[in-house]
Amino acid sequence: MTSEAQRVARHVGWRPEHLREHREAHGLTLEQAGERLRQVAEQAKLKGIPAANPQTLWQHEQGEVFPGPHYRRAYCLLYRATEPDLGFRTALPGEETSFKVTPVDDHLNGAHVLAVERAIHAIAPGDEAADHVTLQQRIIDAWKRRHTGGDPHRPSLILVGGYAGSGKTELARFFVQLTGWPLLDKDPLTRPLVEKLLVALGADPNDRHTNVYRENVRPVEYDCLMQPAMANIKCGISTVLTAPFISEMTNADWMQRLANRCNALGVDVYPVWVRCDEESMREYITFRSAARDAWKLARWGEYVSTIDMDLRPAVPHLVVDNRLGTAVSLADQARQAMGAVYA
């Protein structure tokens, strides 16, 4: 097997020639494609703007280097295509792989509405008891009504959970951009407190795996997340929360207590679980280069052995399938179609 064939074989379904075909179909040279790639990444405010020099793009097209997540997202936005369209991977069963958004005025063709609805329909029932249609409609309605007096429904509390690197923060931000509801993200909200508390306990500020963190710090961390969420909904403000919620969503008693408190305030609770695959999670975690992830990356095999990829919440819930970045790609396409920038 040649070295190029070996590289391609490491990524199932990778067809690097498709990337060149799309570039040539757009009439772009490598230099022009690189410039456009940087522009679209900057406009979308992607984390990690790709350098996109011609040599790197050539290596991608020749199969010498597999594009990282920031490059793949930028390529998809530049060519208005999905990862399977561009040959980065094989499409998942039933995955929609065509986003042909025509370049005419969206007021005439409604492409932005169709793109948003397509992305929101990625929210699927995780079990028979989950009402995914109601949440889909509330998000779409809130997006449409942002400038017409607000959301007419009961307030909603959306919990977006999943393992580290699953893409839950990106999806939570997308919901927020559509609805205008506030986002409470556990990491930026609690990290300063968590790190100082760990140091005060004589532990590593980046510890997220020992009993010191689990028993003494984690309960405080989640309490700091839930208290402002409850303050919001007591004011009738729909809110999106994002955190792993591994212990919480799998604890039927915890979820029932939360639902009871919210129901008493006239608020509906929607647990959303983000499904992902091991390879994608490792790639996302590596790319974000957060100090708190160092232990996971250094002992990846040990870490993965402690998680259950088939884990689901213990209560009626919704599922967003982000294996191989499918749901994030849908969100990217929708945001591009409606002219939104990234949070």
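Residues numbered from 1 in each chain as written. Predicted model: local features only at pLDDT ≥ 70, side-chain atom pairs only at ≥ 80, totals over all residues. Heavy atoms only, no water.

Draft legend 1. Quick peek at the environment of Val 217. Position of Val 217 relative to the elements: it lies in helix α11 (residues 211-234). For Val 217, a relative accessible area of 0% translates into the label buried. For the pair formed by Val 217 and Leu 197, sequence separation is 20 residues and the distance between their alpha carbons is 7.1 Å. (Helix = DSSP H or I, 4+ residues; strand = E, 2+ residues; numbered from the N terminus. Buried < 20%, exposed > 50% of the residue type's maximum accessible area, 1.4 Å probe, protein only.)

Draft legend 2. Representation of the pairing of strand β6 (residues 318-321) in the model. Bridge count for strand β1 (residues 123-125) against β6 is 3 bridges, and the pairing is antiparallel. The partner of Ile 123 across the bridge, within β6, is Val 320. Sheet topology places strand β5 (residues 268-275) next to β6; 4 bridges connect them, and they run parallel. Bridging across to β6, Val 274 finds its partner in Val 320. (Pairing = 2+ DSSP bridges.)

Draft legend 3. Expanded view of empty space enclosed by the protein. Enumeration over the complete set of coordinates arrives at 2 cavities of 30 Å³ or more. Each pocket or cavity is described by its volume, and for the largest cavity that value is around 60 Å³. Every residue along the wall of the largest cavity is listed here: Gly 162, Tyr 163, Ser 166, Trp 273, Val 274, Arg 275, Cys 276, Met 281 and Met 309. Here the lining of the largest cavity takes 3 residues from β5, the largest share from any one element. Its residues assigned to classes, the lining of the largest cavity comprises 6 nonpolar, 2 polar and 1 charged. Considered as a void within the structure, the second largest cavity measures approximately 50 Å³ in volume. (1 Å grid on protein atoms, 1.4 Å probe; cavity = no way out; pocket = protein on both sides within 12 Å on 5 of 7 lines; lining within 4 Å. Points joined across faces, edges and corners; volume = space filled by probe spheres on them. Nonpolar A, V, L, I, M, F, W, Y, C, P; charged D, E, K, R; others polar.)

Draft legend 4. Focus on the packing of helix α10 (residues 186-200) against α11. Following both chains from N to C, one finds α10 and α11 inclined at 145°, their axes separated by 10 Å at the closest point. Once α10 is placed against α11, the crossing between them reads as right-handed. Judged by residue contacts, Lys 186, Leu 189, Thr 190, Leu 193, Val 194, Leu 197 and Leu 198 of α10 engage Val 212, Tyr 213, Asn 216, Val 217, Val 220, Glu 221, Tyr 222, Cys 224, Leu 225 and Pro 228 from α11. A class-by-class count of the residues in the contact of α10 with α11 yields 13 nonpolar, 2 polar and 2 charged. (Axes fitted to C-alpha atoms, helices over the stretch in contact; angles between N-to-C directions. Left-handed = near helix turned anticlockwise from the far one by under 90°. Contact = heavy atoms within 4.5 Å.)

Draft legend 5. Highlighting the side chain of Thr 179. When you line up the elements, Thr 179 lands in helix α9 (residues 168-179). Within polar-contact distance, the side chain of Thr 179 engages the backbone oxygen of Phe 175 at 2.9 Å. (Polar contact = N/O pair within 3.5 Å; in protein donor to acceptor, adjacent residues only side chain to side chain.)

Draft legend 6. Seen up close, the packing of helix α7 (residues 111-120) against α9. Where α7 contacts α9, the two axes come as close as 12 Å, and the packing angle between them is 140°. One element, α7, and the other, α9, form an angle in the oblique class. The crossing of α7 and α9 is left-handed. Every residue of α9 that contacts α7 at Val 116, Ala 119 and Ile 120 is listed here: Phe 174, Phe 175 and Leu 178. (Parallel < 35°, antiparallel > 145°, perpendicular 65-115°, else oblique.)

Draft legend 7. Geometry of the layout of surface pockets. Computed from the structure, the second largest pocket encloses a volume of approximately 440 Å³. In terms of lining, the second largest pocket is formed by 24 residues, of which the most central are Glu 95, Ala 122, Asp 321, Thr 326 and Leu 330. Elements with a contribution of two residues or more to the lining of the second largest pocket: β1, β6 and α17 (326-337). The element that contributes the greatest number of residues to the lining of the second largest pocket is α17, accounting for 3 residues.

Draft legend 8. Just the pattern of salt bridges, in detail. For the structure on display, the rule yields 21 salt bridges. Where Arg 72 meets Glu 283, a salt bridge forms, and the shortest distance between an N and an O atom there is 2.6 Å. On the criterion of sequence distance, the pair formed by Arg 72 in helix α5 (residues 69-79) and Glu 283 in helix α14 (residues 278-288) is long-range, its members being 211 residues apart. With a relative accessible area of 22%, Glu 283 lands in the partly exposed category. Here Lys 186 ties to Glu 221 by a salt bridge, and the two come within 2.8 Å at their closest N and O atoms. Pair noted here: Lys 186 is in helix α10 and Glu 221 is in helix α11, with a separation of 35 residues, a long-range link. With respect to class, Lys 186 is no different from Glu 221; both count as buried. One network of salt bridges, with partners in common, ties together Arg 72, Glu 83, Arg 89 and Glu 283. (Salt bridge = Lys/Arg side-chain N within 4 Å of Asp/Glu carboxyl O.)

Draft legend 9. Examining the environment of Met 230 more closely. Looking at where Met 230 falls in the secondary structure, it is placed in helix α11. Since its relative accessible area comes to 5%, Met 230 is described here as buried. Measuring from C-alpha to C-alpha, the distance between Met 230 and Arg 261 comes to 9.0 Å, with 31 residues separating the pair along the chain.

Draft legend 10. Highlighting the nonpolar core. Counting residues in hydrophobic clusters, the biggest one holds 33 residues, and the most contacted among them are Ile 120 and Ile 158. For this core, the secondary-structure elements that each account for two or more residues are α7, α8 (132-145), β2 (156-161), α9, β5, β6 and α17. Setting aside its immediate chain neighbours within four residues, Ile 120 contacts Gln 136, Ile 139, Ile 140, Phe 174, Phe 175 and Leu 178. Phe 245, Ile 307, Leu 311 and Val 315 belong to the second largest nonpolar core, which has 31 residues in total. (Core = buried A, V, L, I, M, F, W, Y, C linked by side-chain atoms within 4.5 Å.)

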